[in-house]
Amino acid sequence: MAAACSLRVYRSVLKELRHLQGSEYTQSMAYTHLREQFRNNQVTGERHCRAQREALHTSQVYLCLLESTRLHLDLHQQYHARGERGPDEVARLVGLRLPTQPGGKGWEK
Amino acid sequence: MFAMLPSLCRFHRQFSRALLPLVSRQVELKLLSSSTHVQRAKYGNATSERKKFYRDVTISQGEGGLYEINLDRKKLKTPGGKLFTVPNEALAIAVATEWDAQKDTLKFYTMHLTTLCNTALDNPTHRDKDQIISAALKFLDTDTVCYRVEEPPGLVELQKNEWDPVLDWIERRYNVVIGSSFSIMGPQIPEETKETFRQHLGSYNFWSLIGLEYVINQLKSVVLSFGLIDRHLTVEQAVLLARLEEEYQIQRWGNVEWAHDYDMYELRARTAAGALFAYLSSESATMKKKILQD
C-alpha cells in the first residue's frame, strides 16, 4: 500500500520535473537526487518504517509545491499578467457579451 | 451590470497607476546602494520580472560544508549582498531547480524556497529566535480553528466535523488545552499551553523556525501548522481546513477560477514551500543522512 503510494508520488514528481526542465530532465541534479532517495527508501526494511513514512510525506509536500506553483502560474498568466483589459474582454470574463448590432451602429465609416 | 463595466476598467487603470510610485522608489533604492558601495544582488520586487541572464545552474560545496548556487560561473547572492549558502544538499538542489526552471524571465514570485533562504540569510527584520517564536505564537490567540460561527447551520456543522478532530489531535499530542469558542473574543488559552509550545518551538533551529513561522503566517493557524509540520496533515488538507468557510461559500455560490483557485494554489504553494523548508533545514534531516551513511 505504502509502496504503491510512494511510487505514484515519485512518478508525479518526475512528471513535474519534466514539465519544468524539458526532455533532458533525466540529466538534472534533482532527478539524480530524487532517484537516489527513492531507491534508498525502497530498500530500507520494516525497521525504518517511520523514516519511510516521513520520506513519503516530504515527497508529497514537494509534489504539492511543484504542482501548485505550476497551476498558480498558469492562472496568473491567463488572468493577471496581461495588464488592462478591454470592456468586451472584461464582459466575457463574467460570462457576458457586449451588445452588437447586425447592421452596424450607423456611425461607422 | 453594463454600467459597471466602464467603472471596472477605470479601477484597473487607477490600480496600475498606483503601482508606478513603487517602480520609481526602486530606482531610488538602487541609486542609494550604489553610492554607499553596498553590493546588492538584483532581485525584482513581487511583480516585476527580470530577464534570464544565465544558462547553467550548478551547486558546489564551499567553506564550512555549506552549499552554494552557481549561475553559469557566477555565485548567487542574496538581496542583502551576502553569499547565498544553504546548510544541506537537498535544499541546495531544490533551490537550484527553481532557478533552472525559469524560462525567459525570472519570476521571483514562483521561487518560494529561494525567498525563504534569502529571509533566513539576510534576516531583514533582525529578529532572534525568541522574537520569531513570540510572533508565531501570537497566532494561537486568533487561531482559525478556534473561532466558530453560530449560523448558517451547514457551516456550523462543517466546522465542528472538520476542525474538532485536529483540535483533539493537537491537545492529545502535546497534552495541552486549547478549546474553541463562539464568541468574538475567542477561547481563553491557558498560559501553560503557550509555555509548552514555546518550549517545543525552542527545539527548532533558526532556519526551521523561519519555515514554520511562514506556514503559520499563511494558514493563520498554529494548530493546523503543527498538524502539517508533525506530518498529521497533508498540505492539501491543511489548506482546505484553513479555507473552510471560503470552500463552504464556493459550494454554495460557485467557484471563480481567477480568484478562488488562484488564491488556493498560491496558498498551497507557499504552505508547501514553508513546510519543505522546515523539514530540509531541521537538524534531524542532516543527522539521519549521516546515520544511513555510517
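Residues numbered from 1 in each chain as written. Chains lettered and ligands numbered in written order. Predicted model: local features only at pLDDT ≥ 70, side-chain atom pairs only at ≥ 80, totals over all residues. Heavy atoms only, no water.

- You'll find chain B entered in an unreviewed UniProt entry as ATP synthase mitochondrial F1 complex assembly factor 2, with Pygocentrus nattereri given as the organism.
- As its UniProt record puts it under Subcellular location (unreviewed entry), chain B is described as follows: "Mitochondrion inner membrane". (UniProt positions renumbered as here; feature names shortened; annotations may be inferred.)

- An unreviewed UniProt entry annotates chain A as Protein FMC1 homolog originating from Pygocentrus nattereri.
- Under the UniProt heading Sequence similarities (unreviewed entry), the note attached to chain A is "Belongs to the FMC1 family."
- The UniProt entry for chain A carries this comment under Function (unreviewed entry): "Plays a role in the assembly/stability of the mitochondrial membrane ATP synthase (F(1)F(0) ATP synthase or Complex V)."

1. Some remarks on the overall build of chain B
And step 1. If you tally the helices and strands in chain B, you get 12 helices and six strands.
And step 2. By residue count, 44% of the 294 residues in chain B fall in the buried class.
And step 3. The contacts of chain B with a sequence gap of at least 6 include a subset with a gap of at least 24, amounting to 62%.
And step 4. About 16,200 Å² of surface is accessible on chain B, with carbon and sulfur atoms providing 55% of the total. (Helix = DSSP H or I, 4+ residues; strand = E, 2+ residues; numbered from the N terminus. Buried < 20%, exposed > 50% of the residue type's maximum accessible area, 1.4 Å probe, protein only. Contact = heavy atoms within 4.5 Å. Areas by Shrake-Rupley, 256 points an atom, 1.4 Å probe, with all protein chains shown as cover.)

2. A word on the nonpolar core
All names here are of chain B.
And step 1. In terms of nonpolar packing, the biggest core is built from 96 residues, with I69, F84, W99, I170, I178, F197 and F277 touching the most fellow members.
And step 2. Take this core: its biggest share by element is 12 residues, from helix α11 (residues 257-281).
And step 3. Each of domain 1 (7-122) and domain 2 (129-292) gives at least three residues to this core.
And step 4. I170 has contacts with N175, V176, I178, F197, V223 and F226, leaving out every residue within four places of it along the chain. (Core = buried A, V, L, I, M, F, W, Y, C linked by side-chain atoms within 4.5 Å. Domains from an automatic or database assignment.)

3. Here's the deal with the domain arrangement of chain B
All names here are of chain B.
And step 1. In terms of domains, chain B is made up of domain 1 (7-122) and domain 2 (129-292).
And step 2. In this complex, domain 1 contributes 14 residues to the contact, which on the side of domain 2 involves 14 residues.
And step 3. Interface area, domain 1 with domain 2, both sides summed: about 1,100 Å², of which 80% is carbon and sulfur.
And step 4. Contact with domain 2 buries area across many residues of domain 1, yet H112, L116 and A120 alone supply 47% of it, more than any other trio.
And step 5. Applying the counting criterion to the domain 1 and domain 2 interface returns one residue pair in polar contact (both at pLDDT 80 or more).
And step 6. If one sorts the elements of the side of domain 1 that touches domain 2 by residue count, helix α3 (residues 112-122) sits on top with seven residues.
And step 7. The class makeup of the residues in the side of domain 1 that touches domain 2 is nine nonpolar, four polar and one charged. (Buried area = accessible area lost by both parts, 1.4 Å probe. Polar contact = N/O pair within 3.5 Å; in protein donor to acceptor, adjacent residues only side chain to side chain. Nonpolar A, V, L, I, M, F, W, Y, C, P; charged D, E, K, R; others polar.)

4. Quick look at the interface of chain A and chain B
And step 1. Each side of the interface is counted separately: chain A has 37 residues, and chain B has 43 residues.
And step 2. On the chain A side of the interface with chain B, the three residues burying the most area are M29, H57 and H72 of chain A, jointly 16% of the side's total.
And step 3. Counting the contacts that link chain A with chain B gives one salt bridge.
And step 4. A salt bridge links R231 of chain B to E54 of chain A; its shortest N-O distance comes to 4.0 Å.
And step 5. Viewed at the interface, chain B and chain A are joined by six residue pairs in polar contact (both at pLDDT 80 or more).
And step 6. Only α1 (2-21), α2 (29-43), α3 (49-80) and α4 (87-93) of chain A provide two or more residues apiece to the side of chain A that touches chain B.
And step 7. Among the residues forming the side of chain A that touches chain B, the class breakdown is 20 nonpolar, 13 polar and four charged. (Salt bridge = Lys/Arg side-chain N within 4 Å of Asp/Glu carboxyl O.)

5. Let's talk about the pairing of strand β2 (residues 57-61) of chain B
All names here are of chain B.
And step 1. Relative to strand β3 (residues 67-71), β2 is paired through five bridges, and the arrangement is antiparallel. From the neighbouring strand, T58 faces β3, where its bridge partner is N70.
And step 2. From the end of β2 to the start of β3, which pair antiparallel, there are five residues, and G64 there has a positive phi angle of about 65°. (Pairing = 2+ DSSP bridges.)

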